[in-house]
Amino acid sequence: MNLILKKDHLTDLLNTWRGNHEVYAPQSLQKFTHFLPLLEGSEPVFDQAHNTRIPPKALFLPISEALLKFTRFGGYEQVPSQKAPRLIFGIRPCDARALTLLDTVFKQERYTDPHWQTRRDATVLVGLGCHEPCQTGFCTTVGSGPFDRAGLDAILTDLGEEFLVETLTEKGECLFTQLKRASDEQNARAMDLQQAARESMPTAFEVEGIKQKLDANFASPYWEEISRSCLGCGVCTFLCPTCFCFDIVDEAQRGERVRNWDTCMFRTYSLEASGHNPRPSRVERTRQRLSHKYSYWVDQISQIGCTGCGRCVRYCPVGLDIRAMLRKAQQLPSEVLHAK
Amino acid sequence: MPNEAKSPYLPIPMRVLRAYYESTDRSLKTLELGFDDPQDARDFFAAFNPGQFCLLSVIGKGESALGVANAAWEGDFVRFTAQKMGSVTTALHALKPGDPIGMRGPLGNGFPLEDWKGKNLVIIGGGCAFSTLYALTKHLHHPSNREDYGKLTVIYGTRTSGLCMYKQDIAAWHQRDDMEVHQAIDVPEQDWLHHVGYVPDVVKEVKPSPVNSVVVVCGPPIMTKFTLPALVELGFAPETIFTSLEKRMKCGIGKCGRCNLGPKYICKDGPVFSLAELNALPADI
């Protein structure tokens, strides 16, 4: 059953939620929007057509986080995970879908990551569909879409003066108990908007068979060609909602063992103690990034490890575009031509 | 910490029981660690399989992945041999009996010992990579395990005789009638009674039979690279050739991302792979 949330009631509703959740919403900070705790009197920012710069995965896998605290005489203890209830308001469907992909990494039967798990369990996600999809996004190409429901507890459609609210889980239903039902006309208008948004997004590249192309061309000069202008800055992975690699370091002076986001685009990432590096240049590192998303994820969970959010395209300092890279990959031969 | 699941990043509290140099040049040191809590020992050995590894924690320095070098029947301790390379292994070399140390594990799959039952085993090792093969050989030496397997052949090469690990034990293996041992060094030395030459050449000389046999190869990449084709030439099928891989690791449980070989993580899906499995994976090593 769909509900109607008048925009001028939003502040009241957010205030109500704040009574028993820490509410996160997109807010302006310097030149970008970020998911930040919503304080009394501040308003969420939706006017930017695109998404927050840092994906909300950072609220579940923080950029830097202590795993252990060192105690006296060489001892150590586990750092407790954050458990207070949270509500993320205005998360975009690509980012919510990314969380479901990351669940398959962090919530495995053996070795569940308690930090990820407790944060996920304590958080409710209210999504905002993209009625004006961003220019660099290609969610529809990779099996998602501007109104993808994956991972969300409720999704909002912007109807101008009001939001149409579609609750998707029990957790989501509990948030919107006071609202009126949407009329048939409002439902129809939302459906039209959602369909129009989907249809406005062109197919960025052919997804069918991309894994086979990348696998067959593991030793192809293609990787050298597409990585030639790469600076190795790592921003494509840092801002990627599905990248999850991390480093673990001992911060001796702080007395903590910390995990920090890491990136396969850095040389030291795979550098071994002997000096050997399986991925010595940006050629191998670019191959790892693309193959991970478009081949290895597919092997592991039968899903592409990219939700088409478009951040890697938007923020690449030299304008490298994963869509163009994959279009080019589709031109490659399907058989192995180069020895491993 | 009430109601909080135990973190897989939380090391088991251990203590150094014994620490001794393994090689005459003091680049290799063996640590034998005891458990602070007997329950941890029971949990560890209930899960342990030769070929697995652990992450040793020196608090304030970090973690280092090392193969387990003992069999469960040897006692309630875990043995590792570390080559002094970086800051963590240097700190490991400085540890003395009684010092506390953290350990996460056992991690990885280990050798598929169930599948190998009834077969002849050929164990080929080079340098300090022999540690998990030592654990495997020790495991097989236990009478209740030995009868499950056929002929046992060990080929172990090091650059010099001084770099050979577990010297006393291996010297004793030559006297055993239930196994064949071939030791090798790269260049001749006075009083050396065994093979002289690189491991792939020694393998060609010893010519282990592929009939009803499996072979395990662990060594430096250059040794593995030339030993695998020699074994294929001797008639070993890729499904019967096993090796243990290494890459840089952080988490050890398939989350931090860096030790992948295509869709497989060496820490979680390995470190032991058959050549048939490796042939299907990208050569990203």
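Treat the numbers as computed from the prediction; the structure is a model and nothing was measured.

## A closer look at the nonpolar core
Thought 1: In this structure, A:I88, A:V126, B:C54, B:I124, B:V215 and B:V216 are the most contacted members of the largest nonpolar core, which totals 153 residues.
Thought 2: The biggest single contributor to this core is helix α2 (residues 93–106) of chain A, with eight residues.

## A few points about helix α3 (residues 114–121) of chain A
Thought 1: The complete set of buried residues in α3(A) reads A:P114, A:H115, A:W116 and A:R119.
Thought 2: Buried residues along α3(A) sit against β4 (64–70), α2 and β7 (123–128) of chain A.

## So, the sheet that holds strand β9 (residues 162–167) of chain A
Each strand in a sheet pairs with another by means of backbone hydrogen bonds, the pair being arranged parallel or else antiparallel.
Residues and elements named next belong to chain A.
Thought 1: Read across the sheet, eight strands follow the order β3-β2-β6-β7-β8-β9-β1-β10 without closing on themselves; strand pairing throughout is mixed. Looking along the sheet, the strands with just one partner apiece sit at the ends: β3 (32–37) and β10 (180–181).
Thought 2: Strand direction decides the pairing type here: strand β8 (residues 154–158) and β9, joined by five bridges, are antiparallel. Residue pairing for β9: I155 is matched across the bridge by E166.
Thought 3: Here helix α1 (residues 10–18) sits on the sheet in contact with β1 (2–6), β2 (22–29) and β6 (86–91), set at roughly 130° to β2.
Thought 4: Relative to β8, helix α5 (residues 184–199) is tilted by about 90°, and along the sheet it contacts β1, β8 and β9.

## A few points about the interface of chain A and chain B
Thought 1: Listed as interface residues are 34 residues of chain A and, on the opposing side, 33 residues of chain B.
Thought 2: For the side of chain A that touches chain B, the elements supplying multiple residues, two or more each, are β4, β5 (76–78), α2, β11 (246–251) and α9 (282–301) of chain A.
Thought 3: Top element by residues in the side of chain A that touches chain B is β11(A). It accounts for five residues.

## Quick look at the pairing of β11(A)
A regular strand places its side chains so that they alternate between the two faces of the sheet.
All names here are of chain A.
Thought 1: Judged by which residues are buried, β11 turns out to be one-sided: F246, I248 and D250 face inward and are buried, whereas D247, V249 and E251, on the alternate face, are not.
Thought 2: The sheet contact formed by β11 and strand β12 (residues 256–261) spans six bridges and is antiparallel. Residue E251 lies in a different strand from β12, and its bridge partner there is E256.
Thought 3: The loop that links β11 with its antiparallel partner β12 comprises four residues; one of these, G255, has a positive phi angle of about 70°.

## Digging into the pairing of β9(A)
Residue and element names in this part refer to chain A.
Thought 1: Burial analysis of β9 places six of its six residues in the buried class, which makes it a mostly covered element.
Thought 2: Residues E162, L164 and E166 of β9 are buried on one face, and the alternating residues F163, V165 and T167, pointing to the opposite face, are buried as well.
Thought 3: Across five bridges, the pairing between β1 and β9 is antiparallel. By the bridge assignment for β9, N2 is matched with E166.
Thought 4: Where β8 folds back on β9, the antiparallel hairpin that results is connected by three residues, among which G160 adopts a positive phi of roughly 100°.

Criteria and cut-off values
Residues numbered from 1 in each chain as written. Chains lettered and ligands numbered in written order. Predicted model: local features only at pLDDT ≥ 70, side-chain atom pairs only at ≥ 80, totals over all residues. Core = buried A, V, L, I, M, F, W, Y, C linked by C-beta atoms within 7 Å. Buried ≥ 20, exposed ≤ 12 C-beta atoms within 10 Å, placed from the backbone. Helix = DSSP H or I, 4+ residues; strand = E, 2+ residues; numbered from the N terminus. Contact = placed C-beta atoms within 7 Å. Pairing = 2+ DSSP bridges. Axes fitted to C-alpha atoms, helices over the stretch in contact; angles between N-to-C directions.

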